[in-house]
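Chain and residue survey
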Amino acid sequence: MSDRYLAFANSTAGRRLVKTLGLPAPLPLERWRGGRTRPIDGALLIGGEGALNEAVVPFAHKLTDALYAAHEGQHALPRWTAEHGPRLKALLFDASGLTRFEQLIELRDFFQPTFKGLANCPRVVLLGRAPESLKDPIAASVQRSLEGFSRSLGKEIRRGGGVQLIYVGKGAEDQLEGALRFFLSPKSAYVSGQVVRLGRCSEQVKDWTRPLAGKQALVTGASRGIGAAIAETLARDGAEVVLLDVPAAKDALDALAARLGGRGVALDICAEDAPAQLVAALADGVEIVVHNAGITRDKTLAKMSEGFWNAVIDVNLKAPQLLTQALLDAGTLQDNGRVVLIASISGIAGNLGQSNYATSKAGVIGLAQAFAPVLGKRGISINAVAPGFIETRMTAGIPFTLREAGRRMNSMGQGGLPQDVAEAVAWLAQPGSGALSGQVLRVCGQSLLGA
Ligand SMILES: NC(=O)c1ccc[n+]([C@@H]2O[C@H](COP(=O)([O-])OP(=O)(O)OC[C@H]3O[C@@H](n4cnc5c(N)ncnc54)[C@H](O)[C@@H]3O)[C@@H](O)[C@H]2O)c1
């Protein structure tokens, strides 16, 4: 589904009219293209006095070839100034050293001048320590305050930018490279206002050009839309892909599987024997499982039929649980495996006419949270990705006014693309992403819903 307003607002005539009328002017987002190697195509400025920068500086030159520091002599890097520095594509501020309220002014002091020097589609990351990990209540409160600051920056940054906060646990510093390769690059184009926690993980990515090499990945609902994009992206990153969809979608499924060098499995995930069939289809084991298949059957609760209710709960919630359990019980899901569930911001904010869907997607988030400690014993992570408005056949079916509202009610003023969800899944599927489990990553352009 094309976004005509976005195209119009960026045309020569449209730009003038949009400005004259004071209408919102969303920028087309920059996205990752195949063949690219540097995460940041432009200058990265590193600021802040915390200890986490010490872990970042040794690999920062792999992220970009234009590195700057905020102060003279810091990290032996050239100093960036608003007057003489280049436009900034990315900002990294280590706020982990902030432990007193009076120090919070350092946020203003760093970001005020740098925000004036940003290039288009800039990426910003703040690093901190999780409040719950700190004994000093004042330090914990200061670190918690970073959430409000980073989310506000996400709303102020405009020009297609995104701002995130990463709480880094003790011993998780060695997983910062993977997280920053995602959050400081266009791979996170439609992600903003997110807070993630990194913990320890014994696994490491060996080759950043093919981080999923040697892994077998299952993607459900993979014949079209977001699932197809996930399969493409996992294959791009080196995984061997197994694509699953309903028998009616077999032709499209097989065509995509052939193009990606993978194989298709035509199976209804709600069939009684689906768990057994899936285990049989994955006889060589599986390291990455993406539960993407999903349906909507929208009606207000007053008009909701039992059939609509059950269909949505069965496909979106029951099937992922039953299939995951079967893959675990059969030993098909390997140690240090990665499970990603596709939820929705409807499951966070609720949505009119979607009580069944929102229930199922909140349940999916619950699955990630409840399974995480259990699976963690085998090094397996399980996380949920919650997309906002993504341009697919599912959202093309929404009535016009609701569709326009869904598209625009976020900090980026536009819908996301299936690729945006796929990039988040691909990051969570990486070996080092065992650093996160039981978490929800929203890919919603910082939607106002459920914020
Ligand atoms: N499009 C959005 O804006 C959006 C927003 C939030 C969440 N999501 C979620 O993302 C996922 C993908 O959505 P999409 O927009 O690509 O939808 P889509 O309808 O284009 O694709 C869903 C796929 O799942 C498959 N599927 C449905 N029931 C199945 C079953 N019983 N067994 C096997 N396969 C089945 C379908 O055949 C289809 O190929 C869904 O879980 C959806 O809820 C989408």
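Anyway, here's the lowdown on the structure attached to this text. (Residues numbered from 1 in each chain as written. Predicted model: local features only at pLDDT ≥ 70, side-chain atom pairs only at ≥ 80, totals over all residues. Heavy atoms only, no water.)

**Considering the site of the ligand**
- What surrounds the ligand is a group of 28 residues, the closest being Arg224, Asp245, Asn292, Tyr357 and Thr392.
- Between the ligand and Asn292 there is a distance of 2.7 Å, counted from an oxygen atom to a backbone nitrogen or oxygen.
- Between the ligand and Tyr357 there is a distance of 2.6 Å, counted from an oxygen atom to a side-chain nitrogen or oxygen.
- In isolation the ligand exposes 830 Å². Once the protein is present, 93% of that is buried.
- Of all the secondary-structure elements, those providing two or more residues to the shell around the ligand are α7 (225-236), β8 (240-245), α12 (355-376) and α13 (393-396).
- Residues of the shell around the ligand, tallied by class, amount to 15 nonpolar, nine polar and four charged. (Near = heavy atom within 4 Å. Polar contact = N/O pair within 3.5 Å; in protein donor to acceptor, adjacent residues only side chain to side chain. Areas by Shrake-Rupley, 256 points an atom, 1.4 Å probe, with all protein chains shown as cover. Helix = DSSP H or I, 4+ residues; strand = E, 2+ residues; numbered from the N terminus. Nonpolar A, V, L, I, M, F, W, Y, C, P; charged D, E, K, R; others polar.)

**Looking at helix α6 (residues 176-183)**
- When you tally the buried positions in α6, you get eight out of eight residues, the bulk of the element.
- All buried positions along α6 are accounted for by Leu176, Glu177, Gly178, Ala179, Leu180, Arg181, Phe182 and Phe183. (Buried < 20%, exposed > 50% of the residue type's maximum accessible area, 1.4 Å probe, protein only.)

**What about the packing of helix α4 (residues 105-115) against helix α5 (residues 137-156)?**
- Interhelical geometry of α4 versus α5 gives an angle of 10 degrees and a closest axis separation of 13 Å. The pairing of α4 with α5 is recorded here as roughly parallel in orientation. In terms of crossing hand, the pair formed by α4 and α5 is right-handed. Two secondary-structure elements touch here, α4 through Leu107, Phe111 and Phe115 and α5 through Leu146, Phe149, Leu153 and Glu156. (Axes fitted to C-alpha atoms, helices over the stretch in contact; angles between N-to-C directions. Parallel < 35°, antiparallel > 145°, perpendicular 65-115°, else oblique. Left-handed = near helix turned anticlockwise from the far one by under 90°. Contact = heavy atoms within 4.5 Å.)

**Comments concerning the pairing of strand β10 (residues 286-291)**
- Buried residues dominate β10, accounting for six of its six residues.
- Strand direction decides the pairing type here: β10 and strand β11 (residues 333-342), joined by five bridges, are parallel. The partner of Ile288 across the bridge, within β11, is Arg338.
- Following the chain from β10 across helix α10 (residues 306-329) to the adjacent parallel β11, one finds a crossover that is right-handed. (Pairing = 2+ DSSP bridges. Right-handed = clockwise from strand over helix to strand, strands pointing away.)

**A word on the sheet that holds strand β9 (residues 263-266)**
- Reading across from one edge, β9-β8-β7-β10-β11-β12-β13 is the order of the seven strands in this open sheet, with parallel pairing throughout. In this open sheet, the two edge strands, each paired with only one partner strand, are β9 and β13 (440-443). Direction aside, neighbouring strands of the sheet carry axes that sit 20 degrees apart on average.
- Here five bridges tie strand β7 (residues 216-220) to β8, and the two strands are oriented parallel to one another. By the bridge assignment, Ala217 is partnered in β8 with Val241.
- Strand contacts of helix α8 (residues 250-259): β8 and β9, with the helix running at about 160 degrees to β9, the strand carrying the most contacts.

**Comments concerning the packing of aromatic side chains**
- In total, this model carries eight aromatic pairs according to the counting rule given.
- Judged by centre distance (4.8 Å) and plane angle (40 degrees), the rings of Phe93 and Phe110 are tilted. Highlighted residues: Phe93 in strand β3 (residues 88-94) and Phe110 in helix α4, separated in sequence by 17 residues.
- Residue Phe93 is classed as buried on the basis of its relative accessible area of 3%.
- Exposure remark for Phe110: the relative accessible area of 8% places this residue in the buried category.
- Measuring from centroid to centroid gives 4.9 Å for Phe182 and Phe183, while their planes differ by 65 degrees, and the two rings are edge-to-face. Of the two residues, Phe182 and Phe183, neither departs from the other in class, the shared state being buried.
- Members of the aromatic cluster, joined through ring pairs, are Phe93, Phe110, Phe111, Phe115 and Phe149.
- Here the basic side chain of Lys187 rests over the ring of Trp32, its NZ or CZ set 4.5 Å away from the ring centre. (Phe/Tyr/Trp six-rings, centres within 6.5 Å; stacked < 30°, edge-to-face > 60°. Lys NZ or Arg CZ within 6 Å of the ring centre and 35° of its normal.)

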